[in-house]
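Structural overview for review
Residues per chain, in single letters:
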Amino acid sequence: MTMDQARRRVIATCIELADKGYLAGTGGNVACRIDDKHFAITPSASDYYSMLPDDVCVLRLDDLVRVAGDRRPSVEHKLHANVLRARGDCQASIHTHQPIASAYALLGQDLEILLPAHRSMLGRKAICTGYAPSGTGWLASKLRKSLRPEINAYFLRNHGVVCCGPTLGDTVARAEALEIACSDFFRTAITNRTDSDCDEYLSEVLTLLVEKEELEPAP
Ligand SMILES: [Zn+2]
């Protein structure tokens with residue numbers, strides 16, 4: 001892929017994710033491998049709808065030196081570099097604040113992926129990394145330690161989601177599959193809930209989702 005192609009695909013992916021409500025303003029970011037030494041990444045705090053190809057940063061994968069783009073790269077560039085270094089099979093890494101999976105990330109636990117169609121996209125579970133503040137090397141390092149060859153979706157505790165895949169299109173589809181898997185988890189939790197198995201976090205999240213009309217109230 002050429003640098004120009006990668007930059008245009010990063011923009012198209014950001015707009016697709018923003019249209020789905022997965023980026024929450026200027027949150028979230030998208031990275032795409034250009035060749036074995038370089039990747040394209042969204043600039044920091046960008047309005048995705050007015051972003052131009054020249055705004056998209058190009059960094060060297062080994063030392064994160066910026067080789068193109070006038071803007072500062074996303075604060076999460078180390079996190080995405082760790083994904084692309086560890087997962088040579090992946091050309092894309094996206095970080096979202098998609099609402100339901102981000103709510104799941106408050107629970108601080110892995111999610112077992114139940115549907116075979118979702119398993120083939122995400123792996124047998126989505127792994128939750130421990131908490132670290134956004135944009136820190138600490139967060140990038142925690143995710144690096146969680147990365148597994150067969151797992152394509154990760155929760156950043158109390159924050160959001162990272163998915164990786166062979167193309168940007170496949171990676172967006174994985175983020176959507178994760179959103180559905182998390183919705184299914186909450187629906188099941190609401191249907192089966194009792195006072196004893198709803199911990200404080202879970203009941204808070206369920207209430208929020210019902211208020212936002214993301215979920216039907218439990219009977
Ligand atoms: Zn974030």
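Higher on the page you've got the structure.
Residues numbered from 1 in each chain as written. Predicted model: local features only at pLDDT ≥ 70, side-chain atom pairs only at ≥ 80, totals over all residues.

1. Some details on the sheet that holds strand 8 (residues 153-156)
- Strand order in the open sheet formed by nine strands is 4-3-2-1-5-9-8-7-6, with mixed pairing between adjacent strands. Only two strands of the sheet have a single neighbouring strand rather than two, namely strand 4 (66-68) and strand 6 (111-112).
- Across two bridges, strand 3 (residues 57-60) lies against strand 4 in antiparallel orientation. Directly across from leucine 59, in strand 4, lies its bridge partner arginine 66.
- Its contacts with the sheet place helix 2 (residues 77-86) against strand 1 (29-33), strand 2 (38-41), strand 3, strand 5 (92-96) and strand 9 (160-165), and it is angled at close to 140° to strand 5.
- Its contacts with the sheet place helix 6 (residues 168-192) against strand 1, strand 5, strand 6, strand 7 (125-129), strand 8 and strand 9, and it is angled at close to 135° to strand 9. (Pairing = 2+ DSSP bridges. Helix = DSSP H or I, 4+ residues; strand = E, 2+ residues; numbered from the N terminus. Contact = placed C-beta atoms within 7 Å. Axes fitted to C-alpha atoms, helices over the stretch in contact; angles between N-to-C directions.)

2. So, the packing of helix 6 against helix 7 (residues 200-211)
- For the pair helix 6 and helix 7, interaxial distance at closest approach is 11 Å and the crossing angle is 105°. Considering their axes alone, helix 6 and helix 7 lie roughly perpendicular with respect to each other. Every residue of helix 7 that contacts helix 6 at Phe186, Ala189 and Ile190 is listed here: Leu202, Leu206 and Leu209.
- Taken together, the residues that form the contact of helix 6 with helix 7 break down as six nonpolar, no polar and no charged. (Parallel < 35°, antiparallel > 145°, perpendicular 65-115°, else oblique. Nonpolar A, V, L, I, M, F, W, Y, C, P; charged D, E, K, R; others polar.)

3. So, the pairing of strand 3
- What you see with strand 3 is a clean split: Cys57 and Leu59 sit on the buried side and Val58 and Arg60 on the side with no burial.
- Note that strand 2 and strand 3 share four bridges and pair antiparallel. Across the sheet, the residue bridging to phenylalanine 39 is leucine 59, located in strand 3.
- A loop of five residues connects strand 3 with strand 4, the two strands running antiparallel in sequence, and leucine 64 in this loop sits at a positive phi of about 65°. (Buried ≥ 20, exposed ≤ 12 C-beta atoms within 10 Å, placed from the backbone.)

4. What to know about the pairing of strand 2
- Pairing analysis gives three bridges linking strand 1 to strand 2, with the strands arranged antiparallel. Counterpart to arginine 33 in the pairing with strand 2 is phenylalanine 39.
- Linkage of strand 1 to strand 2, two consecutive antiparallel strands, is achieved through a turn of four residues.

5. Describing helix 2
- With eight of its ten residues buried, helix 2 lies for the most part within the structure.
- When helix 2 is considered as a whole, its buried residues turn out to be His77, Lys78, Leu79, His80, Ala81, Asn82, Val83 and Leu84.
- Considering only its buried residues, helix 2 is in contact with strand 1, strand 2, strand 3, strand 5, helix 5 (137-146) and strand 9.

6. As for unusual backbone geometry
- Unlike most non-glycine residues, leucine 64 shows phi in positive territory, near 65°.
- Looking at the element boundaries, leucine 64 is found in the loop between strand 3 and strand 4.
- Exposure remark for leucine 64: the 13 C-beta atoms within 10 Å place this residue in the partly exposed category.
- Positive phi outside glycine occurs at asparagine 158, with the angle close to 60°.
- Mapped onto the secondary structure, asparagine 158 falls in the loop between strand 8 and strand 9.

7. Notes on helix 6
- Spanning 25 residues, helix 6 covers 36 Å between terminal C-alpha atoms, matching the ideal 36 Å at 1.5 Å per step.
- Listed as buried for helix 6 are Leu168, Thr171, Val172, Arg174, Ala175, Ala177, Leu178, Glu179, Ala181, Cys182, Phe185 and Phe186. (Expected span 1.5 Å × (residues − 1).)

8. Remarks on the nonpolar core
- Residues Cys32, Ala40, Tyr104, Val161, Leu178 and Cys182 are the most contacted members of the largest nonpolar core, which totals 58 residues.
- Per element, the largest residue contribution to this core is nine residues, and it comes from helix 6.
- Apart from the residues within four sequence positions on either side, cysteine 32 is in contact with Ala6, Arg9, Val10, Phe39, Ala40, Gln91, Ala92 and Leu168. (Core = buried A, V, L, I, M, F, W, Y, C linked by C-beta atoms within 7 Å.)

9. Some details on the packing of helix 2 against helix 5
- At a minimum axis separation of 8 Å, helix 2 and helix 5 run at an interaxial angle of 25°. The pairing of helix 2 with helix 5 is recorded here as roughly parallel in orientation. Read as a crossing pair, helix 2 and helix 5 show a hand that is right-handed. Two secondary-structure elements touch here, helix 2 through Lys78, Leu79, Asn82 and Ala86 and helix 5 through Gly137, Leu139, Ala140, Leu143 and Arg144. (Left-handed = near helix turned anticlockwise from the far one by under 90°.)

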